[in-house]
Amino acid sequence: MFKRFAAISVLSFALTASFCLPALAAEQALSPVVRVKDIAAVEGVRANQLTGMGLVVGLPGTGDRTGIAMRMIRNMAEQYGLALDTKDIRSRNVAAVSVVCNLPAFARSGQSVDVLVSALGDARSLEGGVLLQTPLKAANGQVYAAAQGPVTTGGFSAGGAAAQVSKNITTTGRIPGGAIIEKDVSMEFADGSKLTLLLRQPDFTTAQRLASSINAKFGQVAMPVDAGRVEVAFPPAYSQSPASFVASLEQLQLRPDMTARVVINERTGTVVMGGNVKISAVAVSHGNLTVAVAEAPKVVQPEPFAGGQTAVVPRTQVAVEEQKGQVVSMPASSSVEDLVNALNSIGATPRDIITILQAINDAGALHGELVVM
């Protein structure tokens with residue numbers, strides 16, 4: 001009796017394995033194994049945006065014609081004890097600009113970051129200009145960096161009264177390492193005895209797999225809070241070195257899940273689909289109808305001294321061409337890739353594919369999220 005039950009158990013396990021293995025293989029083919037640091041970030045570790053307004057000088061007559069730069073020059077001159085009137089300033093070699101940069105996490109005083117410089121007024125080009133020292137402030141109004149240096153535009157603009165040649169955008173440029181950090185930004189990524197991981201693409205299944213991967217390595221220390229957050233407690237061995245624990249977490253590997261989604265861009269005719277999007281049994285009819293209308297008016301003139309008037313006689317030519325319709329039948333559980341391959345085989349254009357996918361979704365046969373951009 002025991003042997004018969006054992007044989008039944010083995011047979012049941014074999015059947016279960018035979019059904020699970022194809023599904024597991026299909027999942028492995030769709031979603032690769034990735035590191036934790038590639039799909040999640042530690043809460044509290046973030047960059048900060050800085051912005052400021054400054055002056056770019058030394059331009060070869062391509063600066064502002066409006067009064068923005070002139071007033072900024074007057075304000076700057078007053079800081080150096082010079083009293084100037086905007087009427088006394090006549091220069092096309094200066095441009096008012098906006099200066100922005102991202103202050104990286106854990107950046108310290110004395111380090112440098114790149115800045116982006118953009119013209120505020122009607123300056124034609126910032127090529128060859130130099131940014132004067134500009135304080136950069138955060139959203140709280142405090143100054144965290146100061147920018148200065150030559151502007152690199154990566155293009156050129158030249159021309160005269162009748163012709164002009166330009167390449168790329170010359171009213172925007174960069175200053176590599178142009179901002180020096182003056183004030184640190186504190187980063188608190190460890191809240192007491194725990195930290196929180198934030199998924200870049202929130203998903204309940206991925207959050208659970210992330211917690212399981214961490215628990216398999218460090219014990220029962222991780223718990224998914226929602227689709228985008230996983231709380232992790234510090235193991236006793238890492239209680240005094242949270243940075244080392246985060247480094248160990250980042251190297252763990254897991255297989256993230258993904259939502260069945262089809263993204264359509266109607267402007268460019270682009271279709272991007274996930275590999276796990278399925279289609280129910282459906283038949284698609286495809287055919288082209290071409291109608292060409294051409295106008296060929298004819299001018300009729302009377303004979304000399306006949307007393308008639310010149311007239312235009314309209315002539316319209318209409319040609320209708322309808323290609324033979326084709327029907328594509330798709331079985332149940334077909335993927336979007338199978339459908340697109342079938343439609344490509346009959347000569348469907350990307351625009352046709354977009355329209356057909358929208359119609360399949362309206363019919364309820366597309367099992368996934370359809371996103372139209």
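Chemist: Go over helix H4 (residues 242–250) with me, naming the residues and quoting the values.
Modeler: Helical geometry note: an α-helix holds 3.6 residues per turn, so side chains three or four residues apart project in the same direction. Those residues of H4 lying buried are Phe245, Val246 and Leu249. Angularly, the buried residues of H4 cover 100 degrees about the axis, an arc narrow enough to put them on a single face. Buried-residue contacts for H4 involve strand E2 (40–42), strand E11 (194–199), helix H3 (204–218) and strand E13 (229–233).

Chemist: Pulling in residues and values, what's your account of the environment of Val36?
Modeler: Mapped onto the fold, Val36 is located in the loop between strand E1 (34–35) and E2. The contacts of Val36, once residues within four sequence positions are left out, are Leu197, Leu210, Leu249, Glu250, Leu252 and Leu254.

Chemist: Account for the sheet that holds strand E12 (residues 222–224), naming residues and giving values.
Modeler: Strand pairing within a sheet occurs via backbone hydrogen bonds; the two strands may be parallel or antiparallel. The strand order across the open sheet built from 4 strands is E2-E11-E13-E12, with neighbouring strands paired in antiparallel fashion. Only two strands of the sheet have a single partner each, and these edge strands are E2 and E12. Across the sheet, the mean angle from the axis of one strand to that of its neighbour is 25 degrees, orientation sign disregarded. The pairing of E12 with E13 spans 3 bridges and is antiparallel. Within the sheet, the bridge partner assigned to Ala222 lies in E13 and is Val232. Lying on the sheet, H3 is in contact with E11, E12 and E13; it crosses E12 at an angle near 175 degrees.

Chemist: Describe in detail unusual backbone geometry, supporting the description with residues and values.
Modeler: If a residue is not glycine, its phi is most likely negative; likewise, a peptide bond is most likely trans. Of note, the phi angle at Phe106 is positive, near 65 degrees, even though the residue is not glycine. On the secondary structure map, Phe106 appears in the loop between strand E4 (95–103) and strand E5 (112–119). With relative accessibility at 37%, the residue Phe106 sits in the partly exposed group.

Chemist: Outline the nonpolar core, supporting the account with residue identities and numerical values.
Modeler: The biggest cluster of nonpolar side chains holds 26 residues, and the ones touching the most others in it are Leu50, Val99, Val115, Val117, Leu131 and Leu136. Ranked by residues supplied to this core, first place goes to E4 with 5 residues. With near-sequence residues (within four places) excluded, Leu50 lies in contact with Val99, Val100, Cys101, Leu103, Leu136, Lys137, Ala138, Tyr144 and Ala145. If you look at the next biggest cluster of nonpolar residues, it comprises 24 residues, including Val42, Ala207, Leu210 and Ile214.

Chemist: Please provide a residue-by-residue account of the pairing of strand E6 (residues 130–137), values included.
Modeler: Residues in a regular strand project their side chains so that they alternate between the two faces of the sheet. Bridge count between strand E3 (residues 48–57) and E6: 3 bridges; the pairing is antiparallel. Residue pairing across strands places Thr51 opposite Lys137, the latter belonging to E6. Where E6 meets strand E7 (residues 143–150), 6 bridges bridge the pair, whose relative direction is antiparallel. Within the sheet, the bridge partner assigned to Lys137 lies in E7 and is Val143. Counting the residues that bridge the hairpin from E6 to E7 gives 5 residues, and of these Gly141 lies at a positive phi of roughly 85 degrees.

Chemist: How would you sum up the side chain of Thr62? Please name residues and give values.
Modeler: With respect to the helices and strands, the residue Thr62 is situated in the loop between E3 and helix H2 (68–79). Classification of Thr62 as buried rests on a relative accessible area of 12%. If we ignore the near neighbours within four places in the chain, the residues touching Thr62 are Arg92, Ala123, Arg124 and Ser125.

Chemist: Before we move on, could you go through the sheet that holds strand E10 (residues 172–181) and cite the residues and values that matter?
Modeler: One closed barrel accounts for 6 strands, arranged E3-E4-E5-E10-E7-E6; its pairing is antiparallel. Neighbour to neighbour, the strand axes of the sheet diverge by 30 degrees on average, direction disregarded. One ladder, built from 9 bridges, connects E3 with E4; its direction is antiparallel. Directly across from Gln49, in E4, lies its bridge partner Asn102. Sitting on the sheet, H2 is in contact with E3, E4 and E6, with an inclination near 90 degrees to E3.

Chemist: Could you give an account of the confidence of the model for the protein chain, naming the residues involved and the relevant values?
Modeler: Of all residues in the protein chain, 77% attain a pLDDT of 70 or more, and the chain-wide mean is 79. Mean pLDDT in the protein chain bottoms out at helix H1 (residues 2–30), which sits at 40, and peaks at E7, which reaches 95. Long-range and interchain partners of residues 1–26, a stretch whose pLDDT sits below 50, account for 1 contact in this model, where long-range means more than four residues apart.

The rules behind each value
Residues numbered from 1 in each chain as written. Predicted model: local features only at pLDDT ≥ 70, side-chain atom pairs only at ≥ 80, totals over all residues. Heavy atoms only, no water. Buried < 20%, exposed > 50% of the residue type's maximum accessible area, 1.4 Å probe, protein only. Helix = DSSP H or I, 4+ residues; strand = E, 2+ residues; numbered from the N terminus. Arc of directions from axis to C-beta. Contact = heavy atoms within 4.5 Å. Pairing = 2+ DSSP bridges. Axes fitted to C-alpha atoms, helices over the stretch in contact; angles between N-to-C directions. Core = buried A, V, L, I, M, F, W, Y, C linked by side-chain atoms within 4.5 Å. pLDDT = per-residue confidence, 0-100.

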